[in-house]
Every structure is written in structure tokens, then in C-alpha cells.
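Inside the fold
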Amino acid sequence: MNQCFVVSEEEQDVRIDKYLTDCCENLSRSYLQKLLKSGDVLVNEKPVKSSYKVSEGDCISCHVPDAVEPEILAEPMDLDILYEDEDLILINKPKGMVVHPAAGHLSGTLVNGLMDHCRGQLSGINGVMRPGIVHRIDMDTTGVLVVCKNDASHRFVAEQLKEHSITRRYRAIVHGVLAEEEGTVNAPIGRHPTDRKKMSINEKNGKPAITHYRVLERFRNFTYIECQLETGRTHQIRVHMASLHHPLLGDRVYGPEKCPFKNLQGQTLHAGILGFIHPKTGAYMEFTAPLPEYFQELLTKLRGTNPR
């Protein structure tokens, strides 16, 4: 795949690896430096080093070799299936499970388990690495996911996601005590300007993101909330709540590095309800995933403290 860029006046005088990192959201700076070293990046038809500073009018050509996707193996798993028919399967994903294979996680993912359970009957729209996957949740987020078994169902459900007509309600515990009973965060989310592994509020280059939240219960130093998504950006709830200075409990990426509950693995976030129109029957269906045991135990501990 070839990508071409022309440097504007506002973009000049930065290192080319930094410039390309900002242009190519899906490529890391270290990977782009490898492409520069191998001669796959040309400036005005000539190779340059990573330290080269771009100038206004520079014509940059970047050749990204096609990714070689490994074969995804089917693995028998004890999946928590909430519902299944010939078009869809609804899964209650546990904490610590990655949704689809990626670098460092080529086995043990939900897709590996689905490959075994569905015996190849999964939508192919998102390629061999993500068969059937319409949307995903983070590794340490629990809860309900819909997976499509054929392309027609995939397109139908994906269109509802695009139109923001799907019901998605999450439960979360956040740091601090929210004063208001409910609220809305309407702030665009994009890649963090300096940390490519994080997302952030990005007014200039972010995509629209809207999260509604309401208080369910207050504790001394924490608040139990429900969030409803209008959009589905990467890390949306985590970024939006952190922007209010109420990061999710256990979220060491957007919140405190030191967690007050030492055995807690990742953010306290649960995809509790998912509702959509069935692609074949046209009927609205809504699915609920019960709170996982760790979440219930945390609430019990917090209820033992003095409420506000």
C-alpha cells in the first residue's frame, strides 16, 4: 500500500518520523522508522533518514508492505453464550479476554473460541483476523458483545452502529463523588498527541463522541454510575470520565497508577445491556449481561464504607 503526502506551511520543520506518525494513525513511530531505514519512504523521490526535517512542499511517498496475516486457529473454549441463532451469537465476555487476535495475542482470544464453536460460520467482512466481529470492548472490560455469522447480518448490525441506533449501557465505578445526578460529555476523541497507545479529547482531529451518565450509588471516595453511549469511540467512557476528573477505578492508563484495590485487574467497566434490531426478523432485541463477581464484590466492599 502506498500513501502520499504534501507538507503544508504549518507542518514544516518537524522530523519526518514525527510527521508521518501524525499522518498515519495506524502505524507506530518505531515501525515508520523501520520503513525509513529500509528505503520505503521517499521525499521528493529520494530516501531520507528519520532525522530529516520536512519542508513546505515536500512530496512524501510511503510504501507500507502488505501485512501477512497468520492463520487463526480454532480453540475449544467455555464461552458464556447469552443467545444464539443462525445469524447472531451474543457473548458475555469475561475480564482479561482479548476480543480478536493481534500482535502478542494470537491465541486465547474470543475469535479463537468462536472459530471452534461456530465452525467457520462467521461473517468475513472484517477479514480473517476479525471474523464476525462488528464491535469490540477492551480486554479488561466485561459484558455483552454481538457477533455475526454471515455478511448480511454483519452489514445490518454495522449500519445500526453507524447510525447510533443501538442501545449500549455500561456500569462503571469512578474515582471521586459526582455531585450531579446525571450529565452528558460531548467531546471529540482522537489519538493522544504524544502517546500513541492512548486516546484523548481532541478538538482539532478527534471524531464526535457523546456519553450520557447517571449516578446509581455514591460512596465515600467513589461513585457507581451507568453510562449510555451515543457513539462508540475507542476508550470512550474511560476518556470522557477522566476528562471530568473522575477516572474509572482500576484504570491505570487514564487514572491513578496506584489502585486502592491491589488485586483489581484493569478498569471497572461492564457492558451490561446491548439492544438492536434483529437483521432477519426486524424485531428489537435487548440482552443483559449480569455484573461479574469481582464487580459485585467491589460494590459490597464500598457499601461497607460510610456513604456521602
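Above this note sits the structure.
Because the structure is a prediction, the values reported are computed rather than measured.

**Observations concerning the overall build of the chain**
In terms of helices and strands, the chain carries six helices and 15 strands. Dimensions along the principal axes, computed over C-alpha positions, put the chain at roughly 65 × 50 × 35 Å. Classification of the 308 residues of the chain by burial places 45% in the buried group. Once local pairs closer than 6 in sequence are excluded, the contacts in the chain between residues at least 24 apart make up 65%. Roughly 16200 Å² of accessible area belongs to the chain as shown, and the carbon and sulfur atoms make up 49% of that amount. Charge separation in the chain, taken as the distance between the mean sites of 37 positive and 40 negative side-chain charges, equals 6 Å.

**A word on empty space enclosed by the protein**
The tally for this structure, following the rule as stated, stands at one cavity of 30 Å³ or more. Forming the boundary of the largest cavity are H135, V144, R168, R169, Y170, A271, I273 and L274. Taken together, the residues that form the lining of the largest cavity break down as five nonpolar, one polar and two charged.

**Concerning helix α4 (residues 151-162)**
Spanning 12 residues, α4 covers 16 Å between terminal C-alpha atoms, matching the ideal 16 Å at 1.5 Å per step. Inspection of α4 places S153, H154, V157, Q160 and L161 among the buried residues, and these make up the whole buried set. Looking down the long axis of α4, one finds its buried residues gathered within 130 degrees of arc, a one-sided arrangement. Exposed and oriented more than 90 degrees from the buried face of α4 are A152, R155 and K162. Considering only its buried residues, α4 is in contact with β6 (88-93), β7 (142-148), β8 (167-175) and β14 (269-277). Positive phi shows up at H164, right after α4, with a value of about 60 degrees.

**Re the packing of aromatic side chains**
Given two aromatic rings, their pairing is described by the distance between the two centres and the angle made by the two planes. Under the counting rule described, the total for this entry stands at six aromatic pairs. Ring-pair connections join several aromatic residues into one group, and the members of that group are Y83, F276 and F287.

**Thoughts on the packing of helix α1 (residues 16-23) against helix α2 (residues 29-37)**
Contact pair α1 / α2: the axes reach a minimum separation of 9 Å and the direction vectors enclose 125 degrees. Judged on the interaxial angle alone, α2 and α1 are oblique. Note on packing geometry: the crossing formed by α1 with α2 is right-handed. Contacts between α1 and α2 involve I16, D17, K18, L20 and T21 from the former and R29, L32, Q33 and L36 from the latter. For the contact of α1 with α2, the class distribution of residues is four nonpolar, two polar and three charged.

**Looking at the pairing of strand β12 (residues 210-218)**
Pairing of strand β9 (residues 182-186) with β12 involves five bridges; the strand directions are antiparallel. Note on β12: the bridge partner recorded for V185 is T211. Note that β12 and strand β13 (residues 222-229) share seven bridges and pair antiparallel. The residue bridging R214 from the neighbouring strand is E226, located in β13. Between β12 and β13, which follow one another and run antiparallel, lie three residues.

**Let's talk about the nonpolar core**
Counting residues in each nonpolar core, the largest one holds 32 residues, and the members touching the most others are L110, L114, Y170, I237 and M241. Here the element with the most residues in this core is helix α3 (residues 110-118); it accounts for four residues. Sequence-distant contacts of I237, defined by excluding residues within four places in its chain, comprise Y170, T211, C227, L229, L248 and L269.

**Quick word on the side chain of T21**
Mapped onto the secondary structure, T21 falls in helix α1. If we skip the residues at most four places from it in the chain, T21 touches R29, L32 and R196.

**Observations concerning the pattern of salt bridges**
In this structure the tally under the stated criterion is 14 salt bridges. The salt bridge partner of E84 is K149, with a shortest N-O separation of 2.7 Å. Placement of E84 in strand β5 (residues 81-84) and of K149 in the loop between β7 and α4 is noted, with a sequence separation of 65 residues between them. The shortest N-O distance in the salt bridge between E86 and K280 comes to 2.7 Å. Placement of E86 in the loop between β5 and β6 and of K280 in the loop between β14 and β15 (284-288) is noted, with a sequence separation of 194 residues between them.

**Observations regarding the pairing of β6**
Counting buried positions over the six residues of β6 gives six, a clear majority of the element. Going residue by residue along β6, you find L88, L90 and N92 tucked away on one face and I89, I91 and K93 tucked away on the opposite face as well. Bridge count for β5 against β6 is three bridges, and the pairing is antiparallel. Pairing of Y83 across the sheet is with L90, part of β6. What sits between the antiparallel neighbours β5 and β6 is a turn of three residues.

Definitions and cut-offs
Residues numbered from 1 in each chain as written. Predicted model: local features only at pLDDT ≥ 70, side-chain atom pairs only at ≥ 80, totals over all residues. Heavy atoms only, no water. Helix = DSSP H or I, 4+ residues; strand = E, 2+ residues; numbered from the N terminus. Buried < 20%, exposed > 50% of the residue type's maximum accessible area, 1.4 Å probe, protein only. Contact = heavy atoms within 4.5 Å. Areas by Shrake-Rupley, 256 points an atom, 1.4 Å probe, with all protein chains shown as cover. Lys, Arg positive; Asp, Glu negative; His and termini not counted. Charge placed at Lys NZ, Arg CZ, Asp CG, Glu CD. 1 Å grid on protein atoms, 1.4 Å probe; cavity = no way out; pocket = protein on both sides within 12 Å on 5 of 7 lines; lining within 4 Å. Points joined across faces, edges and corners; volume = space filled by probe spheres on them. Nonpolar A, V, L, I, M, F, W, Y, C, P; charged D, E, K, R; others polar. Expected span 1.5 Å × (residues − 1). Arc of directions from axis to C-beta. Phe/Tyr/Trp six-rings, centres within 6.5 Å; stacked < 30°, edge-to-face > 60°. Axes fitted to C-alpha atoms, helices over the stretch in contact; angles between N-to-C directions. Parallel < 35°, antiparallel > 145°, perpendicular 65-115°, else oblique. Left-handed = near helix turned anticlockwise from the far one by under 90°. Pairing = 2+ DSSP bridges. Core = buried A, V, L, I, M, F, W, Y, C linked by side-chain atoms within 4.5 Å. Salt bridge = Lys/Arg side-chain N within 4 Å of Asp/Glu carboxyl O.

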